[in-house]
Amino acid sequence: MVEDGDEVAVDARSTEDWLLHAQELVPVVLDKAREAKGFAGRWKMIIAKLEQIPSRLSDLSSHPCFSKNALCKEQLQAVSKTLGEAIELAELCMKEKYEGKLRMQSDLDALTGKLDLNLRDCGLLIKTGVLGEATLPLAVSSSVAESDIAIHNNIRELLARLQIGHLEAKHQALDSVVEAMKEDEKNVLAALGRSNIAALVQLLTATSPRIREKTVTVICSLAESGSCENWLVSEGVLPPLIRLVESGSAVGKEKATISLQRLSMSAETARAIVGHGGVPPLVELCQIGDSVSQASAACTLKNISAVPEVRQTLSEEGIVRTMINLLNCGILLGSKEHAAECLQNLTASNENLRKSVISEGGVRSLLAYLDGPLPQESAVGALRNLVGSVPETSLVSLGLVPRLVHVLKSGSLGAQQAAVAAICRVCSSTDMKKMVGEAGCIPLLVKMLEAKSNSAREVAAQAIASLMVVSQNRKEVKKDDKSVPNLVQLLDPSPINTAKKYAVTCLGSLSSSKKCKKLMISYGAIGYLKKLTEMDIPGAKKLHERLERGKLKSFFSKK
């Protein structure tokens, strides 16, 4: 057996030399193990494992690339070292007396573990397919550069090292993988297999905090790449990630949370995160985490809140108060956006959760958040969900209407659409309709009738129809030069135009005006209404008849 310090001699031996050396050691160690005294149960187990080594060595040596791969040589060195230790322990146990019975028990148990590792690693060398990579240059097209093949082979070998050897060897391999990901992430991802993913997941539970931190850094990159989420989840990555969120280092928490953020985009995985107890540590991170971790935790909870059946569980873990606090005091703007979207999800269909958000002061916080220059759709959507459960007087005192006008002026089309939907829900009384009209909403709604989005046009027409119940609002609509042309365009009988029934209602309210009737006729309303009458759209027949009468009167008056 070559001593560890004799590195020159070790390096000088070929893979075949190490194979022969290991094969020669096996019968020697078996003979000595059978003569060992004491610890009969332990030696019986060790002998059973030693007897498996020849077949594993045979499998390894029969591979066509056996002598071309450094991993084979390293594995044979490891096996030879273990066999040498077995000989030393057997010789000690052959003596009548030796020092330290408990120490010998411990040494024998350690030897059993090393033999298990050697047997497992020999099998993995074949199973991973890494040995076969040595043949790639012979098989690939000549158009592939040999340097690219070499890079790919090196990465495959590097990934295999994550699965083979003792923990420190895996740690060294992990360092190399981290560097490889920085330099050539694309090729690393291309070379990854399920077994490599499993090996990384196992390293997440290593006793060394450094190893856990480096491993979760690699897993975070894998999750963000979007190429292997299913493998990560199926290999059990969620529980160790959640534990890192709970008690990892600052870097570990951040990378674990970013990983969960990406993985939680799947509804099935989101449910699994809840099932594994992931919500409490994420909620806590929203409260005390640094800026990046806080934003990632908020986004993960937002993703989870999109799954209706887990919303009550989220509520029981205190998510409502946490999200409202984030909305008020979030470190990053992104944290506030995620909080608003989470509240929108929570209030989408659950009246109890709506009441909970309202009682915690959520309406006030959402309205304050809308005061920014670019009001977010999610916050307006949450308000839309809540306004029907809040007394009208409270909404007025909190300043809802001016905020909705601000959104109609400055928000994205999605935010504007949510604001108009909120107007439709809140305008149940004449007083509220007057207030909305007086706030300057009418021209903004008329302009929105020109939106490219069918749903935006529909909700704008619906809001105008509701507001026109009040005479002052009707006058505002009449005053706008674009109102009649825009509404007539919405009489289009096409099935995709869902605003036509509201357009008929609005035009019906305007048809008492001679000026408006003339405009309707001039923009082709009669042709549209004829088709809508055939489709039984409410009010279309009545409006059609009224316009036809107006057309005839106009004709005779010209005579």
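Residues numbered from 1 in each chain as written. Predicted model: local features only at pLDDT ≥ 70, side-chain atom pairs only at ≥ 80, totals over all residues. Heavy atoms only, no water.

The name given to the chain in an unreviewed UniProt entry is Protein CELLULOSE SYNTHASE INTERACTIVE 1 isoform X3, with the source organism recorded as Vigna radiata var. radiata.

Caption draft 1: Representation of the overall build of the chain. Helix and strand counts for the chain come out as 35 helices and 0 strands. Computed over its C-alpha atoms, the radius of gyration of the chain comes to 37 Å, more than 25% above the 24 Å expected for a compact globule of 559 residues. For the chain, the C-alpha atoms occupy an extent of roughly 130 × 55 × 35 Å along the three principal directions. Counting all 559 residues of the chain, 47% fall into the buried class. For the chain, the proportion of contacts with a sequence separation of at least 24, taken over those separated by at least 6, is 70%. Surface exposure of the chain reaches about 26,400 Å², of which carbon and sulfur atoms provide 51%. A distance of 17 Å separates the average location of the 69 positive side-chain charges in the chain from that of its 63 negative side-chain charges. (Helix = DSSP H or I, 4+ residues; strand = E, 2+ residues; numbered from the N terminus. Rg over C-alpha atoms; globule rule 2.2 N^0.38 Å. Buried < 20%, exposed > 50% of the residue type's maximum accessible area, 1.4 Å probe, protein only. Contact = heavy atoms within 4.5 Å. Areas by Shrake-Rupley, 256 points an atom, 1.4 Å probe, with all protein chains shown as cover. Lys, Arg positive; Asp, Glu negative; His and termini not counted. Charge placed at Lys NZ, Arg CZ, Asp CG, Glu CD.)

Caption draft 2: Examining the packing of helix H19 (residues 319–329) against helix H22 (residues 362–369) more closely. Across the interface, H19 lies against H22 with an axial gap of 9 Å and an inter-helix angle of 30°. Considering the angle they form, H19 stands roughly parallel to H22. Here the hand of the crossing between H19 and H22 comes out left-handed. Counting all contacts with H19, which are made through Ile324, Leu327 and Asn328, the residues of H22 involved are Gly362, Ser365, Leu366 and Tyr369. Among the residues making up the contact of H19 with H22, the classes are represented as 4 nonpolar, 3 polar and no charged. (Axes fitted to C-alpha atoms, helices over the stretch in contact; angles between N-to-C directions. Parallel < 35°, antiparallel > 145°, perpendicular 65-115°, else oblique. Left-handed = near helix turned anticlockwise from the far one by under 90°. Nonpolar A, V, L, I, M, F, W, Y, C, P; charged D, E, K, R; others polar.)

Caption draft 3: The arrangement of the pattern of salt bridges in detail. With the rule as written, the count across this model stands at 19 salt bridges. Across the pair arginine 120 and aspartate 121 runs a salt bridge whose closest N-O atoms are separated by 2.8 Å. Arginine 120 gets classed as partly exposed once you look at its relative accessible area, which sits at 34%. We classify aspartate 121 as buried; its relative accessible area is 1%. Here glutamate 476 makes a salt bridge to lysine 479, at a shortest N to O gap of 3.3 Å. Residue glutamate 476 and its partner lysine 479 are located together in helix H30 (residues 471–479), separated by 3 residues, close to a single helical turn. (Salt bridge = Lys/Arg side-chain N within 4 Å of Asp/Glu carboxyl O.)

Caption draft 4: Region of the structure containing the packing of aromatic side chains. Considering all chains together, one arrives at 0 aromatic pairs under this definition. In this structure, arginine 13 packs its charged tip against the face of tryptophan 18, placed 4.8 Å from the ring centre. (Phe/Tyr/Trp six-rings, centres within 6.5 Å; stacked < 30°, edge-to-face > 60°. Lys NZ or Arg CZ within 6 Å of the ring centre and 35° of its normal.)

Caption draft 5: View of unusual backbone geometry. Of note in this structure, phenylalanine 39 is not a glycine but carries a positive phi near 50°. Positionally, phenylalanine 39 belongs in the loop between helix H2 (15–35) and helix H3 (40–50). A relative accessible area of 14% means that phenylalanine 39 is categorised as buried. A positive phi angle, close to 60°, is found at aspartate 536, a residue other than glycine. For aspartate 536, the location among the structural elements is in the loop between helix H34 (525–534) and helix H35 (540–558).

Caption draft 6: Representation of the confidence of the model for the chain. Taken residue by residue, the chain gives an average pLDDT of 88. The fraction at 70 or more is 91%. Averaged over each element, pLDDT in the chain is lowest for helix H7 (residues 136–139) (39) and highest for helix H15 (residues 267–275) (97). Overall, residues 133–144 carries pLDDT values under 50, and its contacts beyond four positions in sequence, including any with other chains, amount to 13 contacts. (pLDDT = per-residue confidence, 0-100.)

Caption draft 7: Quick look at helix H4 (residues 53–61). Looking at H4, one finds that the buried residues are Ile53, Leu57 and Leu60. Looking straight down H4, one finds that the buried residues subtend no more than 60° of arc, so they occupy a single side. Looking at the packing, one finds that the buried side of H4 touches H2, H3, helix H5 (70–94) and helix H6 (101–127). (Arc of directions from axis to C-beta.)

Caption draft 8: Examining the environment of serine 249 more closely. Inspection of the secondary structure puts serine 249 in the loop between helix H13 (238–247) and helix H14 (250–263). For the pair serine 249 and alanine 460, spaced 211 residues apart in sequence, the C-alpha to C-alpha distance is 51 Å.

Caption draft 9: Just the environment of glycine 236, in detail. One can find glycine 236 in the loop between helix H12 (229–234) and H13. We classify glycine 236 as partly exposed; its relative accessible area is 30%. As a C-alpha pair, glycine 236 and glutamate 51 span 185 residues in sequence and 34 Å in three-dimensional space.

Caption draft 10: Expanded view of the nonpolar core. Counting 136 residues, the largest nonpolar core has Leu222 and Met520 as the members making the most contacts within it. When neighbours within four sequence positions are excluded, methionine 520 is seen to be in contact with Val484, Val488, Leu507, Leu510, Ser511, Ala525, Leu543 and Leu547. Counting 38 residues, the second-largest nonpolar core is a separate cluster that includes Ala36, Leu76, Cys93 and Leu124. (Core = buried A, V, L, I, M, F, W, Y, C linked by side-chain atoms within 4.5 Å.)

Caption draft 11: Highlighting H6. In a regular helix each residue adds 1.5 Å, so 27 residues correspond to 39 Å; H6 covers 39 Å between its end C-alpha atoms and thus fits that length. For H6, the full list of buried residues reads Met104, Leu108, Leu111, Thr112, Leu115, Asn118, Leu119, Asp121, Cys122, Leu124 and Leu125. Those residues of H6 that are buried lie in contact with H3, H4 and H5. (Expected span 1.5 Å × (residues − 1).)

Caption draft 12: The packing of H4 against H6, seen in detail. Two elements in contact, H4 and H6, have axes separated by 9 Å at closest approach and are oriented at 25°. Judged on the interaxial angle alone, H6 and H4 are roughly parallel. Both H4 and H6 take part in a crossing whose hand is left-handed. Facing H4, whose interface residues are Ile53, Arg56, Asp59 and Leu60, H6 presents Leu115, Leu119, Arg120, Cys122, Gly123, Leu125 and Ile126. The residue makeup of the contact of H4 with H6, split by class, is 7 nonpolar, 1 polar and 3 charged.

Caption draft 13: Up close: the state of the cysteines. Scanning the entire structure with this criterion turns up 0 disulfides. Cysteine cysteine 72 remains unbridged, with the sulfur of cysteine 122 as its closest cysteine sulfur at 8.6 Å. For cysteine 72, a relative accessible area of 0% gives the class buried. For the unlinked cysteine cysteine 228, the closest cysteine sulfur is that of cysteine 220, found at 12 Å. (Disulfide = S-S within 2.5 Å.)

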